[in-house]
Amino acid sequence: MPDHNGSIRIGFYICHCGHNIAATVDVEAVARYVSGLPNVVVSREYKYMCSDPGQELIAQDIHDLNLNRVVVASCSPLLHETTFRTAVERGGLNPFYFQMVNVRENVSWVHEDRRAATLKAMDLARAAVHRVTFHKALERKFVHIHPDVLVVGGGIAGIHAALTLANSGKKVYLVEREPTIGGHMAQFDKTFPTLDCAACILTPKMSAVKAHPNIKLWTYSEVSSVEGYVGSYTVKVRRKPRYVDEELCVGCLACIDECVYKEPKYADSFNLGLSKRKPVYLPFPQATPKIVVIDPETCIQFKSGKCKQTCVEACDREAIDLKQAETVEEIKVGTIVLATGYKTFNARRTPQYGYGRFPNVFTSLEVERLINASGPTGGHLVTREGREPRTVGIIHCVGSRDRNTNRWCSRTCCMYSLKLAHLLKEHTGAEVYNFYIDIRAAGKTYEEFYDRLLEENVHFIRGRVAEVTDVAAIPEEEGHLIIRAEDTMIGVVRRIPVDMVVLAVGMEPQADAGDVRRLFNISCSTEGFFLERHPKLAPVETFTDGIFIAGACQGPKDIPDSVAQAGAAAAQAQMLIDKGEVELEPNTAFIDEEHCSGCKSCIPLCPFHALSFNEATGKAQLNAALCKGCGTCVAACPSGSIQQNLFEDSMIFGEIDGLMNMVYETGKEVADVA
Amino acid sequence: MSPEVNSNGWEPRIIAFFCNWCTYTAADLAGVSRLRHAPNVRIIRLMCSGRVDPQFVLDAFVQGADGVLIGGCHPGDCHYMEGNYKALRRFRLMRRMLENMGIEPQRFRLEWISASEGERVRTVVNEMVETLRPLGPLALPQQRVRWDEELHEHVTDEKEVKSHAG
């Protein structure tokens, strides 16, 4: 038994977690069993260890019983390790004389057999009790937080986060890959349930971003590399050439008028291809910054080199620079907020609804543009044939709550479908049919909005639509699209002929969410949205310190929730900045120079170049500032001269020994387990 | 490990080394999602699968584990850039070595399980338990006792041992 600190005096505490643990694990038996293990001075069970009295129990015992090691068996260390370390520290002990045993996520929540679960809990407890004897006092490590913040994504979440931070006096870099900020919200007509126009509430915020002295706005730009750690990230931003000098362009749009293309010819992506643009264009009138872009894919000069370049002539400020090249900016920031948003479900993946086959099947986002006063039809809602529809069917849950596509609920579609139903009726007086599975109107004044729609005589048919077809069964259906669905309220299959079908497409992770995740070293959840540190208690934090997430990149959410989350992410970043420093996990490696043979095995293994060879001493040397604490070098050192704090060989071997029961004979309590 | 040898007889005993960022988080997710699985695995949390020293694996077997499972991030996803590749390299060498020592390769498994793959933790654990069942106990500690006995049977006195060794 190692004895670096006199005699080892361990306190063991197992948590009931209400019934979460105690229902499956016989916590009394575990506590009784552990009390018989060597070095254990006290072994207790308590209803909620993480509560104030629970923590106080630890602190008090350290004081009264002179404990020098603490083991808590409760939930995952990823949840409460810091909590208990702090409690240990409050008791006057170095916080790293602590080991946590996960008997909730790893035991009670995944096993049913009480006996097997209890035995497993005993094993894990014994392993920790043995491991903790090898623990050492460590110094807390702090790093300085660079006060600048990077916000990635200029939708409503990114805009709100950037403004919040900038208004609190922080310098913010806002990087957006499109030529303008605004995101999806800029494409919407009105917002539910208040029906205020999206542009009216968004565009002032967009111009505030542009005008803010603390915000450096980089549109048409993408983050290309991220290095460093919390407090000190070095980020490279690739600024794509827009072939227009941002400093010189004033957004007069003369170049667009004078383009050799007299008529717009290319699909306008802001209007989802429902209108056309020229090779030189402004995405939409309120685009921020109001600077035109030249698209090299369609511009004649780029395609053939033989354009008259009338745009260049037209610009009296000589802002057009067809030789502009991509540039890379390198910035230093301390924290990062990711607000990269979502993409809408591709309706072609549900071929039974005929999107792409029947011209009058639209997606909800297309209808947003059609209804919008600055949209391709000037807000005049018409079918492809240019007629006002007399009947419209809205199909809910397209690409949501569906085993064949996405299983999750996209949360926003019910409400925006209700909104569109209202607007369609208002604009055209059409009969509107909603085909829904459930109406999910869980939000402030959302249910009231639904009630209002019912009073407006919008039709609701409960049932998933089987298909949209143009094959008429009766003469009245001729020339219409027919929506066939079971009305589960009355148990009959109905055929509703309509002039226009709107598909309420769901929300999905961005196509490149996986790449972005790798770039920022964070995780994604099963569906591909960015994973938060804890679904309830750390909803905007990620597992990478200093990187926060906001908006729909974390999961489907509407505007109020995105804004709320963006504010929370900004507050988290601000908290770090204002504190000025952050504590790092002291799990870095260290070298025992005396035993290092200078074999250099470790040096090429470190991806962070923290290890080098000291020619003078003939030994390896470690730059602790660069070490991230993975322990790969430790595993490779043939002489065991490199160790990792908190994960020293002795501790891991101790844990294995403890688990395999080679150290302690199991007490007779084990046999008593029911 | 406690004697799970109960009325049902022998149960495989597996030691798992899970990396903090992916597989341990996935195991937590399995917990949060209440994905019930076999109780035969004891998880040891490391920061990275690259921290798995081959000696940990040997030690686990020597101490009586019937199987060892390593869980790390998918290739390209390592929180420390390339620790999982180091783990893979060591895993391949180790498995060959273990095979030469007479330890079936099925007893030693490496899996890439990302933080979102709670379901995969359940599948892998259950699969591994089912794979180990027909193999039976490895029981190296007991075997060591048997080997010692065998040696003693073959060896009559100290001298002979020395001459063999020489």
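The rules we used
- Residues numbered from 1 in each chain as written.
- Chains lettered and ligands numbered in written order.
- Predicted model: local features only at pLDDT ≥ 70, side-chain atom pairs only at ≥ 80, totals over all residues.
- Helix = DSSP H or I, 4+ residues; strand = E, 2+ residues; numbered from the N terminus.
- Buried ≥ 20, exposed ≤ 12 C-beta atoms within 10 Å, placed from the backbone.
- Contact = placed C-beta atoms within 7 Å.
- Pairing = 2+ DSSP bridges.
- Axes fitted to C-alpha atoms, helices over the stretch in contact; angles between N-to-C directions.
- Expected span 1.5 Å × (residues − 1).
- pLDDT = per-residue confidence, 0-100.
- Left-handed = near helix turned anticlockwise from the far one by under 90°.
- Nonpolar A, V, L, I, M, F, W, Y, C, P; charged D, E, K, R; others polar.

What follows deals with the overall build of chain B. Looking only at helices and strands, one finds 6 helices and 4 strands in chain B. Reading chain B from its N end, one meets helices and strands in the order β-α-β-α-β-α-β-α-α-α. Here chain B holds 166 residues, and the buried ones make up 51% of them. Taking as baseline every contact in chain B between residues at least 6 positions apart, the subset at least 24 positions apart corresponds to 79%.

A separate point is the sheet that holds strand β22 (residues 431–436) of chain A. All names here are of chain A. In space, the 5 strands of this open sheet follow the order β20-β27-β21-β22-β23, with parallel pairing throughout. Edge positions in the sheet fall to β20 (361–363) and β23 (459–462), since each of these pairs with one other strand and no more. The mean inter-strand angle of the sheet, taken between neighbouring strand axes irrespective of direction, is 25°. As paired elements, β20 and strand β27 (residues 500–505) share 3 bridges and run parallel to each other. Counterpart to F362 in the pairing with β27 is V502.

What follows covers helix α15 (residues 559–579) of chain A. All names here are of chain A. The terminal C-alpha atoms of α15, which comprises 21 residues, lie 30 Å apart, in line with the 30 Å expected from a rise of 1.5 Å per residue. Within the span of α15, buried status applies to I559, S562, V563, Q565, A566, A569, A570, Q572, A573, L576 and I577. Buried-residue contacts for α15 involve β6 (149–152), α6 (156–167), β8 (190–191), β18 (335–338), β29 (547–549) and β30 (581–584). Following α15 by one or two positions, G580 adopts a phi angle in the positive range, close to 90°.

Let us now look at the confidence of the model for chain B. Residue and element names in this part refer to chain B. Residues with a pLDDT of 70 or more make up 89% of chain B, whose mean pLDDT is 89. Contacts of residues 1–7 to residues separated by more than four positions or lying in other chains number 18 contacts, the stretch itself having pLDDT below 50. Across the interfaces of the predicted complex, the ipTM metric reaches 0.89, alongside a pTM of 0.85.

Residues and elements named next belong to chain A. Between helix α12 (residues 413–428) and helix α13 (residues 446–455), the shortest axis-to-axis distance is 10 Å and the interhelical angle comes to 35°. Two packed elements cross with a definite hand, and for α12 against α13 that hand is left-handed. Along the contact surface, α12 presents M415, L418, A421 and H422, while α13 presents Y446, F449, Y450 and L453. Looking at the contact of α12 with α13 residue by residue, the class counts come to 7 nonpolar, 1 polar and no charged.

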